[in-house]
Amino acid sequence: MHVAHLTLHDFRSYGDIDVALEPGATAFIGRNGQGKTNLVEAIDYLSRLSSHRVATDAPLVRAGADQAIVRASVVKEGRTALLEVELNPGRANRARINRSPLPRPREIIGLVRTVVFAPDDLTLVKGDPSDRRKFLDDLLVLRTPRLAGVRSDYDRILRQRNSLLKTAGLARGSSRDAAMSTLEIWDDNLARVGAEILGARLQLVADLRPYVGKAYEAVARGASRDDADLDYRASIDQGLVTGLRPSSTSESSLEPGADLQQALLDAIVARRKEELDRGVSLVGPHRDELVLTLGDPELRLPVKGYASHGESWSYALALRLASYDLLRADGDDPILVLDDVFAELDAERRSQLAELVAGAEQVLVTAAVAADVPASLQGVRFLVADGTVTRDG
Ligand SMILES: Nc1ncnc2c1ncn2[C@@H]1O[C@H](COP(=O)(O)OP(=O)(O)OP(=O)(O)O)[C@@H](O)[C@H]1O
Ligand SMILES: [Mg+2]
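On a predicted model such as this, the values are computed, not experimentally measured, just so you know.

Conventions used here
Residues numbered from 1 in each chain as written. Chains lettered and ligands numbered in written order. Predicted model: local features only at pLDDT ≥ 70, side-chain atom pairs only at ≥ 80, totals over all residues. Heavy atoms only, no water. Helix = DSSP H or I, 4+ residues; strand = E, 2+ residues; numbered from the N terminus. Contact = heavy atoms within 4.5 Å. Polar contact = N/O pair within 3.5 Å; in protein donor to acceptor, adjacent residues only side chain to side chain. Near = heavy atom within 4 Å. Areas by Shrake-Rupley, 256 points an atom, 1.4 Å probe, with all protein chains shown as cover. Nonpolar A, V, L, I, M, F, W, Y, C, P; charged D, E, K, R; others polar. UniProt positions renumbered as here; feature names shortened; annotations may be inferred. Buried < 20%, exposed > 50% of the residue type's maximum accessible area, 1.4 Å probe, protein only. Pairing = 2+ DSSP bridges. Axes fitted to C-alpha atoms, helices over the stretch in contact; angles between N-to-C directions. Parallel < 35°, antiparallel > 145°, perpendicular 65-115°, else oblique. Left-handed = near helix turned anticlockwise from the far one by under 90°. Salt bridge = Lys/Arg side-chain N within 4 Å of Asp/Glu carboxyl O.

Novice: Just give me the short version of the environment of glutamine 67, but keep the residues and values in it.
Specialist: Secondary-structure assignment places glutamine 67 in the loop between α1 (36–48) and β4 (68–76). Sequence separation between glutamine 67 and alanine 385 is 318 residues; the distance between their C-alpha atoms is 23 Å. Discounting residues that sit within four places of it in the chain, glutamine 67 has contacts with His9, Asp10, Val61, Glu86, Leu87 and Asn88. Reaching out from glutamine 67, the side chain makes a polar contact with the side chain of glutamate 86 at a distance of 3.0 Å.

This is the structure we're talking about:
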């Protein structure tokens, strides 16, 4: 797929812009702070209705304005659709396809699929477990848009259950009994919705694995395809094991087909006392870990805390490339965004990455300095300055 036309109104630093785009490689060049990332962020926003940079919509609306509009005509297998989202922080957003309003904006999710490479990607490797969970969930939502709703149901259930755990932990006598029986309802809710997310993540990790090994081999010098691996460590494993299984086992016993709902419920019940004492939910996908490892199969070390800076970078790139390959294998070429990544890479890795992405249907590249962008990705060039985007040549 590719974006053929992008219109922004009061999005980030832009007042009004209108840009005609083409398939193939396009570079956006401009000094720092001129709006390059803002531009590609708008396209990424359309894909999941959330930004890779911020958790809420408010910063996406131009300071002083109360509404932003992102409109893009997207060409997919020769057919064009006009997608539009109206961002109204504090009020409901609205979305339209070919000018017809959608009952729920969420229905637009997944129609545009993007994979964004950015300097922040190092946090995929070096950051907290929550950064890696977000990586998995963002990819899940692009592959199965329905899961966006499941994710927000889960967050809501978690908030309610946590506040109930706090109340129940402090309550005494009959009010405790009442809180405990309400808690059982929330146990069931958490297990039901949590199992859906857990099952989807396990399947995703299984699907992604071969692509990560292959991508790491392609970006890291002298690496082989068995070097990089991923493992999903579920909190229910640890929960069941507070005695059952040594925590040093790196392979998870969970399979996508297992009765995850029952396993979650068992793990919740097993940790009841601890949860009540601490007033938080200790079991569920929100406590799980995606573990990234490097090294030959005999001696795998976690990337976080062990890998060198260069290895960490290679791993982060490999995760993005693998996401791209996986989405592509699902049947539709996602839009690739390389936001400011070339400045971070040495010449050899620049050309390696350029070569790997050269075949993509649309690659949008941003850079402060044109010379940092490999020639093969310099197709069409735009200059970005002072809130304007102008085609260069
Ligand atoms: N909601 C907003 N309203 C007005 N201006 C904003 C808003 N959000 C961000 N900006 C401005 O947009 C600019 C940043 O734009 P952007 O991140 O796209 O820069 P860039 O061209 O990618 O720069 P760099 O090369 O440093 O990455 C900043 O000057 C910031 O103040
Ligand atoms: Mg930028």
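On we go from here.
Novice: Now, about the site of ligand 1: what can you tell me, with residues and values included?
Specialist: Around ligand 1 sit 16 residues in total, of which Gly33, Lys36, Thr37, Asn38 and Pro59 are the nearest. At 2.7 Å, a side-chain N or O of lysine 36 approaches an oxygen atom of ligand 1. For ligand 1, an oxygen atom lies 2.7 Å from a polar atom in the side chain of threonine 37. Notes on ligand 1: free accessible area 660 Å², of which the protein chains cover 68%. In terms of residue class, the shell around ligand 1 is made up of 3 nonpolar, 7 polar and 6 charged.

Novice: Could you give an account of the UniProt feature "binding site: ATP" (unreviewed entry) in the chain, with specific residues and numbers?
Specialist: Here, the residues flagged by UniProt with the feature "binding site: ATP" (unreviewed entry) are Gly30, Arg31, Asn32, Gly33, Gln34, Gly35, Lys36 and Thr37. Here arginine 31 is to be found in the loop between β3 (24–29) and α1. Accessibility expressed as a relative area gives 61% for arginine 31, which makes it exposed. Apart from residues no more than four positions distant in its own chain, arginine 31 is found in contact with Lys36 and Val384. The residue glutamine 34 is located in the loop between β3 and α1 in this model. Look at glutamine 34 and you get buried, because its relative accessible area is 11%.

Novice: Got a sec to walk through the sheet that holds β3? Specific residues and values, please.
Specialist: The mixed open sheet is built from 6 strands, whose spatial order is β8-β12-β13-β3-β14-β15. At either end of the open sheet lies a strand with only one pairing partner, and these are β8 (114–117) and β15 (388–391). For this sheet, the mean angle separating the axes of adjacent strands, direction not counted, is 20 degrees. In this structure, strand β14 (residues 380–385) lies alongside β15, joined through 4 bridges in antiparallel fashion. Each bridged residue has a counterpart across the sheet, and for leucine 383 the counterpart in β15 is threonine 390. This element, α1, spans β3, β8, β12 (335–339), β13 (362–367), β14 and β15 of the sheet and lies at about 145 degrees to β13.

Novice: Explain the pairing of β12 to me, using residue names and the numbers behind them.
Specialist: Most of β12 sits inside the fold, with 5 of its 5 residues counted as buried. Two elements, β8 and β12, share 4 bridges in a ladder whose sense is parallel. What sits directly across from phenylalanine 117, in β12, is leucine 338. Note: β12 against β13, 4 bridges, orientation parallel. Following the sheet pairing, valine 337 is matched in β13 by leucine 364.

Novice: Explain the packing of helix α5 (residues 173–219) against helix α9 (residues 309–329) residue by residue, including any values.
Specialist: Helices that pack against each other are described as a pair by the angle of their axes relative to one another and the distance between those axes. Between α5 and α9, the least distance of the axes is 7 Å, while the angle of their chain directions is 125 degrees. By the angle between their directions, the pair α5 and α9 is classed as oblique. The interaxial crossing formed by α5 with α9 has right-handed handedness. In this structure, α5 uses Leu204, Asp207, Leu208, Tyr211, Val212, Lys214, Ala215, Tyr216 and Val219 to contact α9, whose residues at the interface are Glu311, Ser314, Tyr315, Leu317, Ala318, Leu319, Leu321, Ala322, Ser323, Asp325, Leu326 and Ala329.

Novice: Explain the pattern of salt bridges residue by residue, including any values.
Specialist: According to the stated counting rule, one finds 34 salt bridges in the structure shown. The partner of arginine 53 in a salt bridge is glutamate 41, with the nearest N and O atoms 3.1 Å apart. Here arginine 53, found in the loop between α1 and β4, pairs with glutamate 41, found in helix α1; they are 12 residues apart in sequence, far enough to count as distant. Given the relative accessible area of 36%, arginine 53 is considered partly exposed. Taking the shortest distance from any N to any O, the salt bridge between aspartate 137 and arginine 201 comes out at 2.8 Å. Of this pair, aspartate 137 sits in helix α3 (residues 129–143) while arginine 201 sits in helix α5, and the two are 64 residues apart along the sequence. The pair aspartate 137 / arginine 201 is uniform in exposure class, with both members buried.

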